[in-house]
Each structure stands twice: as structure tokens, then as C-alpha cells.
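Examining the three-dimensional arrangement
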Amino acid sequence: MSLLTRLGRPDGSNHQVRIFATKSTEDNRVESYLLAKQRVHQRIIDEMTPSEQTILLTGHQDRTQVEQIINGYIQRFAEEDPFAIPHDYRGQMVDDIVNDMLGLGPIESLHQDETVSEIMVNGPDQVFVERMGKLELTKVKFHDNDHLMHIVDRILAPLGRRIDEASPLVDARLEDGSRVNIIIPPLALKGPCLTIRKFSKKPFSVENLISFGTIDRKMAQFLRACVKARVNILVSGGTGSGKTTTLNVISSFIPETERIVTIEDAAELRLQQTHVVTLESRPANIEGKGQITIRDLVRNALRMRPDRIIVGEVRSGEALDMLQAMNTGHDGSLTTAHANSPRDALSRLETMVLMSGLELPVKAIREQISSAIDLIIQQSRIRDGSRKITYITEVQRMEGNTITTQDLFRYVQTGIDENGKSIGKFVSTGLKPSFFDKFTLYGVELPDDFFDADPDTRRLDGGDY
């Protein structure tokens, strides 16, 4: 890796405009700041000593030491040209150059911002973030495509991954666990696109979900009972609906005494139990060899004596292996899938099983699904940006060629307030799950009136599939 790649591009610094411009509208001062920063950055590359190289080029840089080195160069530069860098912005310049050298450049501050849940870079001139479920266009910009590609290379280099025209897209994971998707030209027509899905440094608890309005206390109590009673659960929802967060929360109900094997494309789950084995799939190498799929890992997990198997998401033929695991003694397993409703989730599972390559009759697939999945938790992102568990639906049995279901809980939206926030409530449909006997078997107690319908709630009957 070249010195410029390791230390950053001294001309790739247009993102500082957003900070400086908030303090002055004089374009010439902005340009002077950017020019001075570029000159300082280049001077560091040209003049750094062997001891400074050791600090700046090590694999695990100490940010404090790097800041001290950068600050020294800025002070010397300012002594030679006192008017080049306004005194108030010297600290800002230190941060900016360090971010170019060690961090994610223009988007480092967004990555550190705990209110930002997702960063979406659509080429060098457009960066969006998601805050509280809402998309916002920021003033952050990269200097050009090369500057953006430098940040991409910085992300991938420690992972031993690469991206180029021959392999123009990649999924990766940052050191803090954030999930990254990168796609570059010729597939991305407006320049490299970088999407970072951030995760809370502290895993959310069920109390967090209650306070966020994602779920109410009664539904949380029911889900806790289901996990302890080893009910097989599928969390269903659209992209960005909060499936992984919910899966992480309900997995916290698993007893400490059990052995858990988690399987993911990019490790996002952070279970708090002691006996957890985390497995992660692996893409093919440059020669197209060495790929380990989710399906391979599910099969291997069955040989690892798991009490529970948690698959971060089923997308393809691994759905069949997951269903078979649930049907062969691994009760209480959990997974997620993309779907817009509990009924759609069943259709998606059927399609994914067909992708396994086995020519199974549709009725046989549906029998596998109905006997394996006990409960579907449907998560949705409401129009106001909030995440809600909109349905908790039991998967019952086969009637002819049809899987029957019944809703146990649901979210009823009644309106929108003056701030555009959803007004609604979580209600019980009054139906008792057919697996209720499992609660007694595993010593889980619920009040006698737990499943009574809420007042003025219309009873919903299960649909047909």
C-alpha cells in the first residue's frame, strides 16, 4: 500500500466546507482554509521523520499521538505564515487531517454521531444520513471520486478484500461491527456508492424497545415466554425495519445455560450469554474459490451440539436447512426474513426452499414450514420513521394445501398527530396460541386473563394461504 493510500490524499478535503461555512460565508476564507490544509497534509508526507512514520503507519494508530504530530506541523506552518490558518480553526484542521489519515475522512464525524443510524454516500457530492427513521441530506462532500475510493480502500484493506471493475461490489464490516456495502462504477453510474449501517454501541434491551414504542409491555412479556418455552420464531420485515435489533433483543431471553450458535453473513448480533458460538459466512476469493455460504454453516452447526440456532437472515436455499433444524430437535431457534406481512413471509419461505435445488412438492414444503415455524413477528417502519411490531402471528397447521394462521397481537394506527407522528395502540386479539401447553411444560406462567381481547378490539380471524 502506498504512502498516500496509508496517510490519505492531501487534496481530498472538500468536506471541511460544511464546518467552516457555518462560521463564515466568505468563500475566499473557505478556499484559504482548504488550501492551507492541503499544504499541511502534503508537508507531513514529505517531511515526517522515521519515528513519526512508525506512529502514522502502524496498523493500530494511537489517535492522541497522531494528533500531537499533526498539531506540531500545523503550529510550525502557522509560525511561518501566521495568516494562513485562523487560530480558531487549527483544532478543526487537526481533526480533519487525522480523519483523512486514520478514519473515514469526510464521513468520520457522521460515523461517530450516535444519532445517525445509517450513512448513504451516493457518489462524492451527495451524502445522506438516517436519523430517527428520517433521511437527511448533509452538507458533507468528498473532493472527487478518487478521494471517495481512498476511503473505500481504507475500509477494505484491513479485511484483505478488494474492489475493482472486475469485482465492483462488496459487503464488509467495520471494526466496530457496522455493516458496509460498497458498489462502484461501472455498476454505479454516478460514482462509488457507500452504505454504512451502524449499530448501537450498547445493545438495545427490551425496555429500550418499549420506550421507543416498538412494542408494549404485554407483547414483550409474551415474547419472553415464547423464547423460554422454546417456540420457533421468524422475525419478518422490510429493509431497515429493525429486524436485527428485535432479533437481538428477543435472543436475550434465552437462558444462560444453553449453547447458542449464531450464523450471519456479517456478524451483527451481540448476544450477552456466555456460551455463544458466532459463525460468519465467507465470500469467494479473487480466484472464485473458498466461498462458505450460510447454508454450509447451518449444516455444520447441526454437528456442533447447539441448543439453539440463530440465523441472522435467510435469503435462499438455507431456509430449507433452517426449517429441518427446527423440525429435528432444535426448538427455540430464531431467524429473520424480508417480507411485508406474516402471510408474505410464508410465501417467501416457500420460494426460498424451492431455491435449495430440491424438487419438493409444494404441499411438502408447506408442511415443513407449518411444523417448523410457530410464530411470526412482523416488524414495520411506519411513515413517521418509527419502527413498530405490527403483528405477532401464530402459524398453526395445514388444512388441505393451506397453512392457517391467527393474529395474537397487532398494532392499530388511528391517526397522525400535528407533528406527523403515528397515533395508535397495541392490542390483543383475544386468541390463545395452540402452543400454549408449552408454557406449562417449561414452567412459564402467564395470568389467566392474559389473552383476553382488549376492550373495543375487533377480533381478527386467521387467513388462508
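Scope of this entry: the structure provided in the associated data block.

When its secondary structure is counted, the protein shows 16 helices and 15 strands. Taken across its 465 residues, the protein has 50% of its residues classed as buried. Within the protein, contacts between residues at least 6 apart in sequence are counted, and of these 60% link residues at least 24 apart. If you sum the accessible surface of the protein, you get close to 22300 Å²; carbon and sulfur atoms cover 48% of it.

The end-to-end C-alpha distance of helix H8 (residues 145-156), which contains 12 residues, comes to 16 Å, matching closely the 16 Å that a straight helix rising 1.5 Å per residue would cover. Taking burial as the measure, the 12 residues of H8 include nine buried ones, the bulk of the element. Along H8, the positions that sit buried rather than exposed are His147, Leu148, Met149, His150, Ile151, Val152, Arg154, Ile155 and Leu156. Two to three positions downstream of the cap, the backbone nitrogen of Asp146 sits 3.1 Å from a side-chain oxygen, assigning the N-cap of H8 to Asp144.

Sheet architecture is open: nine strands sit in the order E9-E8-E10-E11-E7-E12-E13-E14-E15, paired in mixed fashion. Looking at the sheet topology across the chains shown, the edges are occupied by strand E9 (276-280) and strand E15 (422-428). Between one strand axis and the next, the sheet turns through 25° on average, direction left out of account. In this structure, strand E8 (residues 260-264) lies alongside strand E10 (residues 308-311), joined through four bridges in parallel fashion. Bridged to Ile260 within E10 is Arg308. The strands that helix H13 (residues 318-327) touches are strand E7 (233-237), E10 and strand E11 (334-338); relative to E11, the one it contacts most, it runs at about 150°.

Our next topic: the packing of helix H12 (residues 294-301) against H13. For the pair H12 and H13, the least separation of the axes is 8 Å and the interaxial angle reads 20°. Classed by the angle they form, the pair H12 and H13 counts as roughly parallel. Our pair here, H12 against H13, has a crossing hand that is left-handed. Contacts from Ile294, Arg295, Val298 and Arg299 of H12 reach H13 at Glu318, Leu320, Asp321 and Met322. Residue composition of the contact of H12 with H13, grouped by class: four nonpolar, no polar and four charged.

For the rest of this paragraph, the subject is empty space enclosed by the protein. This structure, assessed with the given rule, holds two cavities of 30 Å³ or more. Its volume calculated, the largest cavity comes out at about 40 Å³. Along the walls of the largest cavity sit Leu234, Val314, Ala319, Met322, Leu323, Met326, Thr335, Leu349 and Ile373, which together make up its complete lining. Sorting elements by how many residues they give to the lining of the largest cavity places H13 first, with four residues. Class assignment of the residues belonging to the lining of the largest cavity gives a composition of eight nonpolar, one polar and no charged.

Overall, the coordinates contain 10 aromatic pairs when judged by the stated rule. Between the aromatic rings of Phe204 and Phe212, the centroid separation amounts to 5.2 Å while the plane-to-plane angle is 90°, which identifies the pairing as edge-to-face. The class of Phe204 is partly exposed, set by a relative accessible area of 32%. Judged by relative accessible area, Phe212 falls into the partly exposed class, the value being 44%. On the numbers, 6.2 Å between centres and 85° between planes, the contact of Phe222 with Phe439 is edge-to-face. With Phe222 in helix H10 (residues 217-228) and Phe439 in helix H16 (residues 436-441), this pair connects stretches of sequence that are 217 residues apart. Across this residue pair, the class does not change: Phe222 and Phe439 are buried. One aromatic cluster is present, formed by Phe222, Phe409, Phe435, Phe436, Phe439, Phe450 and Phe451 through successive ring pairs. The positively charged end of Arg76 is found above the aromatic ring belonging to Tyr73, 4.5 Å away from the centroid. Positioned above the aromatic ring of Phe436 is the side chain of Lys432, whose terminal nitrogen or guanidinium carbon lies 4.6 Å from the ring centre.

About the thresholds
Residues numbered from 1 in each chain as written. Predicted model: local features only at pLDDT ≥ 70, side-chain atom pairs only at ≥ 80, totals over all residues. Heavy atoms only, no water. Helix = DSSP H or I, 4+ residues; strand = E, 2+ residues; numbered from the N terminus. Buried < 20%, exposed > 50% of the residue type's maximum accessible area, 1.4 Å probe, protein only. Contact = heavy atoms within 4.5 Å. Areas by Shrake-Rupley, 256 points an atom, 1.4 Å probe, with all protein chains shown as cover. Expected span 1.5 Å × (residues − 1). Polar contact = N/O pair within 3.5 Å; in protein donor to acceptor, adjacent residues only side chain to side chain. Pairing = 2+ DSSP bridges. Axes fitted to C-alpha atoms, helices over the stretch in contact; angles between N-to-C directions. Parallel < 35°, antiparallel > 145°, perpendicular 65-115°, else oblique. Left-handed = near helix turned anticlockwise from the far one by under 90°. Nonpolar A, V, L, I, M, F, W, Y, C, P; charged D, E, K, R; others polar. 1 Å grid on protein atoms, 1.4 Å probe; cavity = no way out; pocket = protein on both sides within 12 Å on 5 of 7 lines; lining within 4 Å. Points joined across faces, edges and corners; volume = space filled by probe spheres on them. Phe/Tyr/Trp six-rings, centres within 6.5 Å; stacked < 30°, edge-to-face > 60°. Lys NZ or Arg CZ within 6 Å of the ring centre and 35° of its normal.

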